[in-house]
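# Commentary on secondary and tertiary structure
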Amino acid sequence: PAAIEATDVSRTYQLDGVSVPALRGVSLTVAPGDYVALVGPSGSGKSTLMHLLGGLDRPTGGRLVIGGREVAALSAAELADLRNRTIGFVFQAFHLLPRTSAVDNVALPLVYRGVGARQRRARAAAMLDRVGLGHRLNHRPNQLSGGEQQRVAIARALVADPAVLLADEPTGNLDSATGAAVLELLERLNASSGVALVLVTHDHEVAARARRRIAMRDGVVASDSAAPAGEGGT
Ligand code: ADP
Ligand code: ADP
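Residues numbered from 1 in each chain as written. Chains lettered and ligands numbered in written order. Predicted model: local features only at pLDDT ≥ 70, side-chain atom pairs only at ≥ 80, totals over all residues. Heavy atoms only, no water.

- The protein is annotated in an unreviewed UniProt entry as Putative ABC transport system ATP-binding protein from Micromonospora echinaurantiaca.

Below, the structure written as structure tokens:
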């Protein structure tokens, strides 16, 4: 079964009484283990789509199924729970808690999952080891380089074993060598753990590395390299 399935999904914002159609009939499937680059010009709907795929926002039309659950049928609390169990997020800005150690930052999603303190620390330490930061457990974010901070954020996103990792310009704040190393790490984790990776990028070299490319234009899927020729999605 698909990890995420969007069928004719639309999202219209209301701005001062004016309707702004950000997405207009998007259909696509994210399969387990996928590696997708989401590209397109500014304003084409990439962020809106990522928010929907991650259950941070709801469609105003169409059908969206995340982890086998139809989003429209869920309460806000149920959607939040589904998001915590199914999706990991990585952003351009790392969004780590500044006064909290790396291991406690990474353990945070496990608090919401009801995992006990000893287990949390053990799993967070093991996850930090997998991203190459086993020697940085007790460092705070300001004691780490940008690349190390993004690795902590990646460890946090994956510690609860999500089906999908949504990464919005994850290398955008990093110099090119550090960014390349972070991208290689994401690819290695995608290959080894089977987590589906959906990556927003403006970098053509990054997009070219993905197994699948979805190009957005004016709120629609202009092309999807996984779709049969002539179709926009699915
Ligand atoms: P991208 O991430 O590709 O730059 P967005 O999803 O941010 O595209 O934006 C798609 C369209 O939706 C744009 O026209 C943008 O101005 C509009 N939009 C995005 N967020 C909002 C919002 N909160 N309120 C009103 N319009 C928005
Ligand atoms: P930018 O690329 O402009 O720096 P970010 O990558 O920081 O933006 O965040 C992208 C979007 O995700 C923003 O709309 C922000 O509100 C939202 N966001 C950031 N962190 C979280 C989070 N932990 N949970 C939910 N939404 C978030």
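Still to come is the rest of the account.
### Details of the packing of aromatic side chains
- The full count for this structure, using the stated rule, is one aromatic pair.
- Between Phe 89 and Phe 91, the aromatic rings sit 6.0 Å apart at their centres with planes inclined by 5°, giving stacked as the arrangement.
- Owing to a relative accessible area of 18%, Phe 89 belongs among the buried residues under this scheme. (Phe/Tyr/Trp six-rings, centres within 6.5 Å; stacked < 30°, edge-to-face > 60°. Buried < 20%, exposed > 50% of the residue type's maximum accessible area, 1.4 Å probe, protein only.)

### With respect to the pairing of strand 3 (residues 35-39)
- Here strand 3 lies mainly inside the structure; five of its five residues are buried.
- Neither face of strand 3 is left uncovered, since the one carrying Tyr 35, Ala 37 and Val 39 and the one carrying Val 36 and Leu 38 both have all their residues buried.
- Sheet topology note: the strand 3/strand 8 (residues 196-200) ladder contains four bridges and is parallel. Residue Val 36 lies in a different strand from strand 8, and its bridge partner there is Val 198.
- Summarising the sheet, strand 3 and strand 9 (residues 212-217) pair through four bridges and their orientation is parallel. Within strand 9, the residue paired with Val 36 across the bridge is Arg 212. (Helix = DSSP H or I, 4+ residues; strand = E, 2+ residues; numbered from the N terminus. Pairing = 2+ DSSP bridges.)

### Considerations on the site of ligand 1
- Tyr 13, Ala 22, Pro 41, Ser 42, Gly 43, Ser 44, Gly 45, Lys 46, Ser 47 and Thr 48 make up every residue found near ligand 1.
- At a separation of 2.7 Å, an oxygen atom of ligand 1 approaches a polar backbone atom of Gly 43.
- The protein chains hide 64% of the 560 Å² of surface that ligand 1 would expose on its own.
- If you tally residues by element for the shell around ligand 1, the top one is helix 1 (residues 46-53), at three residues. (Near = heavy atom within 4 Å. Polar contact = N/O pair within 3.5 Å; in protein donor to acceptor, adjacent residues only side chain to side chain. Areas by Shrake-Rupley, 256 points an atom, 1.4 Å probe, with all protein chains shown as cover.)

### So, the sheet that holds strand 4 (residues 61-66)
- If you trace the four strands from one edge of the open sheet to the other, you get 2-1-4-5, paired in antiparallel fashion. Bordering the open sheet on either side are strand 2 (18-30) and strand 5 (69-70), each of which pairs with just one other strand.
- Relative to strand 4, strand 1 (residues 4-15) is paired through five bridges, and the arrangement is antiparallel. Opposite Ala 6, over in strand 4, you have Leu 64 as the bridge partner.

### So, the site of ligand 2
- In the region of ligand 2, the neighbouring residues are His 51, Leu 56, Phe 91, Gln 92 and His 95.
- Separating an oxygen atom of ligand 2 from a side-chain N or O atom of His 51 is a distance of 3.4 Å.
- Here His 95 contributes a side-chain N or O atom positioned 2.8 Å from an oxygen atom of ligand 2.
- Relative to its unbound accessible area of 560 Å², ligand 2 is 45% covered by the protein chains.
- Classifying every residue of the shell around ligand 2 by side-chain character gives two nonpolar, three polar and no charged. (Nonpolar A, V, L, I, M, F, W, Y, C, P; charged D, E, K, R; others polar.)

### Describing the sheet that holds strand 3
- Spatially, six strands are ordered 6-7-8-3-9-10 in an open sheet, and the strand pairing comes out mixed. The open sheet terminates on both sides in strands that have one partner only, identified here as strand 6 (87-90) and strand 10 (220-224). Taken pair by pair, the neighbouring strands of this sheet meet at an average axis angle of 20°, ignoring direction.
- Contacts from helix 5 (residues 146-158) reach strand 6 and strand 7 (164-168) within the one sheet, and its direction differs from that of strand 6 by about 170°.
- In the packing of helix 6 (residues 176-193) onto the sheet, contacts are made with strand 3, strand 7 and strand 8, and the angle to strand 8 comes to roughly 155°. (Axes fitted to C-alpha atoms, helices over the stretch in contact; angles between N-to-C directions. Contact = heavy atoms within 4.5 Å.)

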